[in-house]
Amino acid sequence: MNYTNLFKIALRAIFANKMRSFLTALGIIIGVASVITMLAIGQGSKRSIQANIAEMGSNMIMVHPGADMRGGVRQDPSAMQTLKLTDYQTLKDECSYIKAISPVVSTSGQFINGNNNTQSTIYGVNQEYLGIRQLSVSDGELFSDQELKASAKVCILGQTVVDYLFPDGTDPVGKVVRFNTIPFRVIGVLKKKGYNSMGMDQDNLVLAPYTTVMKRILAQTYLSEIQASAITEDVTDKATVEITSILRRNHKLKDATETTQGDNDDFNIRSQEELSSMMNSTTNMLTILLGCVAGISLIVGGIGIMNIMYVSVTERTREIGLRMSVGARGVDILNQFLIEAIMLSVTGGLVGVILGIGASYAVKMLAHWPIYIEVWTIIMSFAVCTFTGVFFGWYPAKKAARLDPIEAIRYE
């Protein structure tokens with residue numbers, strides 16, 4: 001029996017029981033749609049996080065004070081004073097794998113303009129900080145080297161701070177605002193960046209020369225942090241090793257030898273590459289979990305096909321006997337039922353792909369979740385549903401092929 005006739009017979013059998021065939025394919029439809037939608041949400045979240053990390057600077061390196069032990073007691077992080085301006089200057093002069101570096105000191109307080117006020121954080125930095133954090137000035141200008149040396153009371157406002165202090169839309173450049181009781185002249189406004197994937201407002205900040213914040217606000221000589229950016233993302237690890245070596249030498253920390261234990265670092269170094277790797281690992285795990293949960297419905301759909309094929313074999317036992325008695329081989333009967341199962345799963349797969357893509361975009365429009373549909377997810381879902389049809393349809397088809405023609409004809 002040729003395959004054209006087998007397809008015709010399979011189609012007749014499917015259309016003879018339309019509702020049963022539809023309910024059988026429904027399991028596959030839901031399974032494929034669920035897999036595509038869940039993977040689209042997972043991939044969308046991953047790409048959204050990667051984009052936010054890239055906005056912060058994918059090759060950024062952060063050096064924090066740490067491991068400050070006094071009398072066996074670890075000090076509060078805000079009280080640690082292990083990073084000095086000399087560390088920043090040495091790193092700037094000697095590091096060959098970094099292209100920008102900035103000291104960072106920060107404190108929170110109230111900014112006031114007339115009757116308007118808002119709570120925000122002022123960061124004391126240098127000009128290179130904007131390049132490290134992917135920030136830019138949209139209005140006004142950046143503070144100069146002269147203002148940095150003179151500890152000038154000038155600042156650059158983030159857009160959120162501008163909205164609160166100048167709600168009437170007045171141009172803030174040139175105006176004077178107060179940070180607690182200290183007046184600052186606004187010389188620029190940062191370009192708006194919005195919220196990141198963790199829900200943090202990237203525009204709720206104020207930048208000022210680090211010398212100003214250290215001398216006029218905090219009255220301290222140590223740094224809260226040093227931020228740098230590697231020449232490229234590929235040399236981030238080398239830059240980290242180089243920074244570690246220089247800081248250990250600056251802080252006179254002893255290296256371990258065969259007979260003595262070395263001193264622990266009194267600083268911590270973190271890179272965006274580490275953060276990116278960690279977040280990618282987490283989102284990949286969540287995507288796999290979502291895919292596995294959705295994949296269960298594909299298995300359930302496959303079991304549904306197997307169940308219906310068993311019913312079909314039982315109902316058509318006499319028909320199978322008659323076909324075999326007039327010369328149909330076991331392989332023809334096997335192919336007949338196998339083609340029927342594959343047609344159900346492939347049709348369900350096609351409908352499921354369309355429904356999955358539609359559901360993904362519905363999630364994006366209604367829930368405003370980031371989605372990203374990759375071609376491999378569609379191919380994989382369709383391939384799995386085809387395999388499901390073959391796998392779960394094979395056993396009932398084989399059972400039909402092994403029926404004894406005489407016993408099959410006698411079957412009531």
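Note on numbering: residues in each chain are counted from 1, in written sequence order. Where totals are concerned, whole chains, interfaces and linings use all residues; where local detail is concerned, this predicted model gives features only for residues with pLDDT of at least 70, and gives and counts side-chain atom pairs only at 80 or more. Side-chain numbers here rest on the full set of heavy atoms in the structure, without hydrogens or water.

Draft legend 1. Broad picture of helix H10 (residues 317–325). Along H10, the residues classified as buried are Thr317, Ile320, Gly321 and Met324. End-on view of H10: buried residues confined to an arc of 100 degrees, all on one side of the axis. Looking one or two residues beyond H10, the residue adopting positive phi is Gly327, at roughly 115 degrees. Here the term buried applies to any residue with accessible area under 20% of the maximum for its type, exposed to any over 50%, and partly exposed to those in between, with areas from a 1.4 Å probe on protein chains only. Working definition: helices are DSSP H or I runs of at least four residues, strands are E runs of at least two. Numbering for both runs from the N terminus. The arc in question is the one spanned by the directions pointing from the helix axis to the C-beta atoms.

Draft legend 2. Local environment of the UniProt feature "domain: ABC3 transporter permease C-terminal" (unreviewed entry) in the protein chain. In the numbering used here, UniProt assigns the "domain: ABC3 transporter permease C-terminal" (unreviewed entry) feature to residues 293–405. The distance separating the terminal C-alpha atoms of residues 293–405 is 43 Å; by composition the span is 87% helix and 0% strand. UniProt positions are given in the numbering used here, feature names are shortened, and annotations may be inferred rather than shown by experiment.

Draft legend 3. Local environment of the pairing of strand S1 (residues 60–65). Of all six residues in S1, five are buried; the element is thus mostly enclosed. Two strands are said to pair when DSSP picks up at least two bridges between them. For S1 and strand S11 (residues 225–230), the ladder comprises four bridges, and the chain directions are antiparallel. Counted as the bridge partner of Ile61 is Ala228 from S11. As paired strands, S1 and strand S12 (residues 267–271) are joined by five bridges and run antiparallel to one another. Note on S12: the bridge partner recorded for His64 is Asn268.

Draft legend 4. Summary view of the packing of aromatic side chains. Working definition: a ring pair exists when centres of Phe, Tyr or Trp rings (six-membered ring for Trp) sit within 6.5 Å. Plane angles under 30 degrees give stacked, over 60 give edge-to-face, the rest tilted. Counted by the stated rule, this structure contains four aromatic pairs. Aromatic pair Phe111 and Phe179: ring centres 4.8 Å apart, planes at 50 degrees, arrangement tilted. With a gap of 68 residues between them, Phe111 in strand S4 (residues 98–113) and Phe179 in strand S8 (residues 176–179) connect regions that are remote in the sequence. Of the two residues, Phe111 and Phe179, both sit in the buried class. Seen in terms of ring centroids, Phe391 and Phe392 are 5.0 Å apart; in terms of plane orientation they differ by 85 degrees. Their pairing is edge-to-face. An aromatic cluster of three or more residues is present, and its members are Phe387, Phe391 and Phe392. Placement of a positive charge over a ring is assigned whenever Lys NZ or Arg CZ falls within 6 Å of the ring centre and within 35 degrees of the normal to the ring plane. A cation over a ring is seen here: Arg47 above Tyr372, with NZ or CZ 3.8 Å from the ring centre.

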